[in-house]
Amino acid sequence: MLIRNATMADLPAIADVEKRCFPPQEAATEEEFRERLAAYADCFWLLFEDGRLVSFIDGMATDEPDLRDEMYADASLHRKDGHWQMIFGLNTLPEYRRRGYAARLVERLAEEAKRRGKIGVVLTCKERLVPYYESLGFKYEGASSSTHGDAVWHQMRMIFPA
Ligand SMILES: CC(C)(COP(=O)(O)OP(=O)(O)OC[C@H]1O[C@@H](n2cnc3c(N)ncnc32)[C@H](O)[C@@H]1OP(=O)(O)O)[C@@H](O)C(=O)NCCC(=O)NCCS
C-alpha cells in the first residue's frame with residue numbers, strides 16, 4: 001500500500017474513482033478535478049493498492065472557518081497558507097471498503113495539515129457518516145449551509161492540540 005500526493009497525470013484515475021463512489025449530482029467532474037489539481041495537487045492524498053488507485057481524499061486550504069459550496073467548484077479560492085484544511089471528498093472503491101483505507105487517508109491528511117501549520121480540518125458529510133468521523137476525532141458542529149447535490153450536509157471539525 002502506498003499513499004502519496006497527486007500530479008496531473010493522476011486525473012483520469014481520480015475522476016474514475018469519484019464516478020464509482022458518488023451519485024452523478026454529487027460527483028466532482030473531471031474538469032473540476034483538473035482545476036483542483038492545477039491549484040492544489042499537494043492537497044490530494046492518493047492510496048494505491050497493487051499499483052491501482054483505490055482511495056483518495058482532497059480539499060483546499062482556506063482562512064474561512066466554514067466549508068461552503070463555492071469552494072468545491074472554484075479552485076481559485078485555495079489559499080496555500082490558509083489556517084484550515086478542508087475535506088471535499090473521501091472515496092474508496094466499493095470492493096476495497098472496510099479495510100481502514102479512508103481512515104488512513106484522514107489520518108495522513110491531518111498529520112500533513114498539522115505539519116503545514118493549520119489549526120485543524122473541516123468537512124461536511126451526510127448524517128450516517130457523523131459517527132464514523134467522530135471515531136476519527138472530529139466534533140459535530142450542526143447542519144451545514146451546503147445544498148451540494150440537493151442533499152443535507154453536516155459540518156464537522158478537528159482542531160489540532162497546540
Ligand atoms: C465512506 C467511505 C469513504 C469509507 O471508506 P472505507 O475505506 O471503507 O473506510 P474505513 O475502512 O476507514 O471505514 C469504514 C468502516 O469499516 C470499518 N473497518 C475499518 N477497517 C476494518 C477492517 N479491517 N475490518 C472490518 N471493518 C473495518 C470501520 O470501522 C468503518 O466502520 P463503520 O462504517 O461502522 O464506522 C466509503 O464508504 C465511500 O467511498 N463511500 C462513498 C462516498 C462517500 O460517501 N464518501 C464520504 C463523503 S463525506
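Scroll up a little and you will see the structure.
Report follows, based on the coordinates. Per chain, residues are indexed from 1 in the order of the written sequence. Confidence filtering applies because this is a predicted model: local features only for residues at pLDDT of at least 70, side-chain atom pairs given and counted only at 80 or more, and all residues used for totals across whole chains, interfaces and linings. The basis for every side-chain value is the complete set of heavy atoms in the structure, and neither hydrogens nor water enter the calculation.

### Some words on the environment of Tyr140
To be explicit about the condition: Each helix is a run of DSSP H or I of at least 4 residues and each strand a run of E of at least 2, with the numbering of both proceeding from the N terminus. Exposed residues in this analysis have more than 50% of their type's maximum accessible area, buried residues have under 20%, and partly exposed residues fall in between, with area computed by a 1.4 Å probe over protein chains only. Whether two residues are in contact is decided by their heavy atoms: any pair within 4.5 Å suffices. Polar contact is the term for a pair of N or O atoms within 3.5 Å; when the atoms are in protein, one must be able to donate a hydrogen and the other to accept it, and sequence-neighboring residues count only if both atoms are side-chain atoms.
Mapping Tyr140 onto the fold places it in strand β8 (residues 139-143). Overall, Tyr140 belongs to the partly exposed group, its relative accessible area being 40%. Distance from Tyr140 to Trp153, taken between C-alpha atoms, is 11 Å for residues 13 residues apart in sequence. Apart from residues no more than four positions distant in its own chain, Tyr140 is found in contact with Val130, Glu134, His154, Gln155 and Met156. For Tyr140, the side chain forms a polar contact with the side chain of His154, separated by 2.8 Å.

### Focus on the site of the ligand
Put simply, the test is: One heavy atom suffices: a residue is near a molecule or strand as soon as one of its heavy atoms comes within 4 Å of it. The method behind every accessible area is Shrake-Rupley, applied with a 1.4 Å probe, and residues are considered shielded solely by the protein chains displayed. For this classification, Asp, Glu, Lys and Arg are treated as charged, while Ala, Val, Leu, Ile, Met, Phe, Trp, Tyr, Cys and Pro are nonpolar and the rest, including Gly, are polar.
Close to the ligand lie 17 residues, the nearest being Leu90, Thr92, Arg98, Gly100 and Tyr132. The backbone of Ala103 places a nitrogen or oxygen atom 3.1 Å from an oxygen atom of the ligand. Coverage of the ligand by the protein amounts to 66% of the 940 Å² it exposes when considered alone. Elements with a contribution of two residues or more to the shell around the ligand: β6 (89-92), α4 (101-115), β7 (120-125) and α5 (130-135). Class assignment for the residues of the shell around the ligand results in 10 nonpolar, four polar and three charged.

### Examining the sheet that holds β6
In a beta sheet, neighbouring strands pair by backbone hydrogen bonds and run either parallel or antiparallel. The cut-off we apply is this: A pair of strands counts as paired when DSSP detects no fewer than two bridges linking them. Helix axes are fitted to C-alpha atoms over the stretch in contact, other axes to C-alpha atoms as well, and angles between N-to-C directions run from 0 to 180 degrees.
Pairing in this open sheet of four strands is antiparallel, and the strands run β1-β2-β3-β6 from one edge to the other. Looking at the sheet topology across the chains shown, the edges are occupied by β1 (2-5) and β6. The mean angle between the axes of side-by-side strands here comes to 25 degrees, regardless of whether they run parallel or antiparallel. Judged from the six bridges that link them, strand β2 (residues 44-49) and strand β3 (residues 52-58) form a sheet pairing that is antiparallel. Counted as the bridge partner of Leu47 is Ser55 from β3. Relative to β2, helix α2 (residues 30-40) is tilted by about 110 degrees, and along the sheet it contacts β2 and β3.

Interpretation note: all reported values are geometric properties and have no functional meaning in isolation.
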